[in-house]
Amino acid sequence: MIPTLQRSGSGSTQSPRSPSSQEPFLSVSVIDPAKMGNGVQAYISYKVITKTNLPDYQGPEKIVIRRYSDFVWLRDRLFEKYKGIFIPPLPEKSTVEKFRFTAEFIEMRRQALDIFVNRIASHHILQQSEDLRIFLQADEQTMERARSQEIGIFKKKPADLMQIFKDVQSKVSDVVLGKEKPVEESTPEYEKLKRYIFELEDHLAEAQKHAYRLVKRHRELGQSLSEFGKAVKLLGTCEDNALGKVFSEVGDKAEIVSVKMQREAHHLLMNFEESLKDYVRAVQSIKATIAERANAFKQQCELAETIKFKEIDLNKLRLTRSEKLADAEREYDVLKADGEEATRRFEAIVQLMNEEIVRFQEQKTLDMGLAFHEFAKGQAHLANGIAEAWRSLLPKLEACASS
């Protein structure tokens, strides 16, 4: 098994073993974003570096160029093939043209893509995916051909599956008894899981919303301090005595504090708000897997009901010794095999989800602990810096006031 990669709150990823180690390792880095093309056709490409000693890979190091749509391809392929596993989320694609190519947005996107691919590479099942190997090793032409191919007629994206989940929740049917009942799993464990996920999404979204406001407040306060500093220094030019000099120093300190506020705003954005937003996306990915589970349960129930009807028909044909009996029995055998396969598929999803939720909670504890540590550390550093800046002025201001 490939060891779990350790992620910091800033989204960086380090392998716990060095490339020279004989233990299996798979280390991936998404770096060097570069704008390609112009106008509406413009996009950002990324250099993806893979270092590994796994025998299924072409060598110890491989460098490929990927764009956002390649990451989407990988996510969709894994979601289609690995039912029951929580596929890591991707960052949203910006629809606002003026933000698409700002340095800050590009860095946030790069950081999120790095986390995405390393979560896959560190997953004990997903890391074995042939699609991951294609993504990490194929040349651009091969990647483009793979991206253009459809997985199948049943391909659905997570957004589509969320609608399925809503439909399954509201759909009612009971073809046997003629009474309405939900075609939905209702075990205590499943209800507890859904309640936990929906509540977690609400609380994370609320925390992320206020984290965004904190970032905005730091930026606005930093800008106000900068403008205040300039105004006070201009005020100081009107004074020829010690007061003018002190005013100038107050202005300088205000501008220094402004820079500190702007830096902390950026730190908050990259290491705290983005971490919360990432987990909002992760929970939405889990909801898509819940939708898959709900759909599998629905298919299992519908097949079970159809098999019951077929059994009734078979009994009638046996009683009448109909010549259609042989064909009906063959149809019944096929249908029963389909029903057994649907049951196996559903049970496999349930088992995987039980394992995944434990893994998710353990990783969430680590990641959220790091994010809040970064938050507290940044706020403490900022408070100390602000206090030190203003404290150094107090003796001069006191002397000026008492003269």
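Residues numbered from 1 in each chain as written. Predicted model: local features only at pLDDT ≥ 70, side-chain atom pairs only at ≥ 80, totals over all residues. Heavy atoms only, no water.

The name given to the protein chain in an unreviewed UniProt entry is Sorting nexin 1-like isoform X2, with Coffea arabica as the source organism.

Q: Where do I start with the overall build of the protein chain in this structure?
A: The secondary structure content of the protein chain amounts to 10 helices and five strands. Here the protein chain, with 403 residues, has 43% of them falling under the buried criterion. The long-range fraction of contacts in the protein chain, counting pairs at least 24 apart against all pairs at least 6 apart in sequence, stands at 71%. Of the roughly 22400 Å² that the protein chain leaves accessible, carbon and sulfur atoms contribute 54%. (Helix = DSSP H or I, 4+ residues; strand = E, 2+ residues; numbered from the N terminus. Buried < 20%, exposed > 50% of the residue type's maximum accessible area, 1.4 Å probe, protein only. Contact = heavy atoms within 4.5 Å. Areas by Shrake-Rupley, 256 points an atom, 1.4 Å probe, with all protein chains shown as cover.)

Q: I'm lost on the packing of helix H7 (residues 188-236) against helix H9 (residues 325-391) in this one. Help?
A: In a packed pair of helices, the relevant descriptors are the angle between the two axes and the axis-to-axis distance. Packing of H7 against H9 leaves a shortest axis separation of 14 Å and a crossing angle of 20°. One finds that H7 runs roughly parallel with respect to H9. Between H7 and H9 lies a crossing of left-handed hand. On H9, the residues that touch Leu193, Tyr196, Ile197, Leu200, Leu204, Leu214, His218 and Leu225 of H7 are Met353, Ile357, Phe360, Gln361, Lys364, Met368, Phe375, Gln379, Leu382 and Trp390. Considered class by class, the residues forming the contact of H7 with H9 number 14 nonpolar, three polar and one charged. (Axes fitted to C-alpha atoms, helices over the stretch in contact; angles between N-to-C directions. Parallel < 35°, antiparallel > 145°, perpendicular 65-115°, else oblique. Left-handed = near helix turned anticlockwise from the far one by under 90°. Nonpolar A, V, L, I, M, F, W, Y, C, P; charged D, E, K, R; others polar.)

Q: Explain the nonpolar core to me, please; I cannot follow it from the model alone.
A: In globular proteins that are soluble, nonpolar side chains generally tend to be buried together. Residues Phe71, Phe135 and Leu136 are the most contacted members of the largest nonpolar core, which totals 33 residues. A total of seven residues in this core trace back to one element, the largest contributor, which is helix H1 (residues 68-81). The next biggest cluster of nonpolar side chains, apart from the first, holds 32 residues, and it includes Tyr190, Leu204, Ile349 and Ile357. (Core = buried A, V, L, I, M, F, W, Y, C linked by side-chain atoms within 4.5 Å.)

Q: Looking at this model, I keep getting lost on the confidence of the model for the protein chain. Mind explaining?
A: Interpretation of the predicted coordinates at a detailed level should be avoided for regions scoring low in pLDDT. Per-residue pLDDT for the protein chain has a mean of 86; in total, 85% of the residues score no lower than 70. Low pLDDT, under 50, characterises residues 1-19; the predicted model gives this stretch 50 contacts beyond four residues in sequence or across chains. Counted against residues more than four places away or in other chains, residues 168-180, with its pLDDT under 50, gives 23 contacts. (pLDDT = per-residue confidence, 0-100.)

Q: Can you walk me through the packing of aromatic side chains in this structure?
A: Here a ring pair, both rings aromatic, is described through the centre-centre distance and the interplanar angle of the planes. By the definition in use, this model includes seven aromatic pairs. Summarising the aromatic geometry, the rings of phenylalanine 272 and phenylalanine 375 are spaced 4.7 Å apart at their centres and angled 25° between planes, so their arrangement reads as stacked. Placement of phenylalanine 272 in helix H8 (residues 242-320) and of phenylalanine 375 in helix H9 is noted, with a sequence separation of 103 residues between them. By relative accessible area, phenylalanine 272 is classed as buried at 6%. A residue is classified by how much of its surface remains accessible, and phenylalanine 375, at 23% relative accessible area, is partly exposed. Members of the aromatic cluster, connected to one another through ring pairs, are Tyr46, Phe71, Phe116 and Phe135. Above the plane of the ring of phenylalanine 101 lies lysine 35, whose end atom (NZ or CZ) is 4.5 Å from the centre. (Phe/Tyr/Trp six-rings, centres within 6.5 Å; stacked < 30°, edge-to-face > 60°. Lys NZ or Arg CZ within 6 Å of the ring centre and 35° of its normal.)

Q: Hey, could you run me through empty space enclosed by the protein in this one?
A: It is the rolling of a water-molecule-sized probe over the atoms that shows where space remains empty. Inspection of the entire model under this criterion finds two cavities of 30 Å³ or more. Of the voids in this model, the second largest cavity is the one considered here, and its volume is about 30 Å³. Every residue along the wall of the second largest cavity is listed here: Phe79, Tyr82, Lys83, Gly84, Ile85, Thr289 and Glu292. A per-class count over the lining of the second largest cavity returns three nonpolar, two polar and two charged. (1 Å grid on protein atoms, 1.4 Å probe; cavity = no way out; pocket = protein on both sides within 12 Å on 5 of 7 lines; lining within 4 Å. Points joined across faces, edges and corners; volume = space filled by probe spheres on them.)

Q: Hey, could you run me through the packing of H1 against helix H5 (residues 140-148) in this one?
A: Where H1 contacts H5, the axes come no closer than 10 Å and their chain directions differ by 55°. Of the possible angle classes, the one that applies to H1 and H5 is oblique. Where H1 crosses over H5, the two elements pack in a sense that is left-handed. Residues Ser69, Asp70 and Trp73 of H1 lie in contact with H5, whose contacting residues are Met143, Ala146 and Arg147. Here the residues of the contact of H1 with H5 sort into three nonpolar, one polar and two charged.

Q: Please clarify how the side chain of serine 45 should be interpreted in this entry.
A: If you trace the backbone, serine 45 turns up in strand E4 (residues 43-52). When its relative accessible area of 8% is taken as the criterion, serine 45 is described as buried. With sequence-adjacent residues up to four places away left out, serine 45 is seen in contact with Asp32, Pro33, Ala34, Met36, Ile65 and Arg66.

Q: What exactly am I supposed to notice about unusual backbone geometry here?
A: Note: most peptide bonds trans; most residues except glycine with negative phi. The phi dihedral of aspartate 32 falls on the positive side, at around 50°, and the residue is not glycine. By the secondary structure assignment, aspartate 32 is in strand E3 (residues 26-36). Of note, the phi angle at arginine 321 is positive, near 50°, even though the residue is not glycine. Along the polypeptide, arginine 321 turns up in the loop between H8 and H9.

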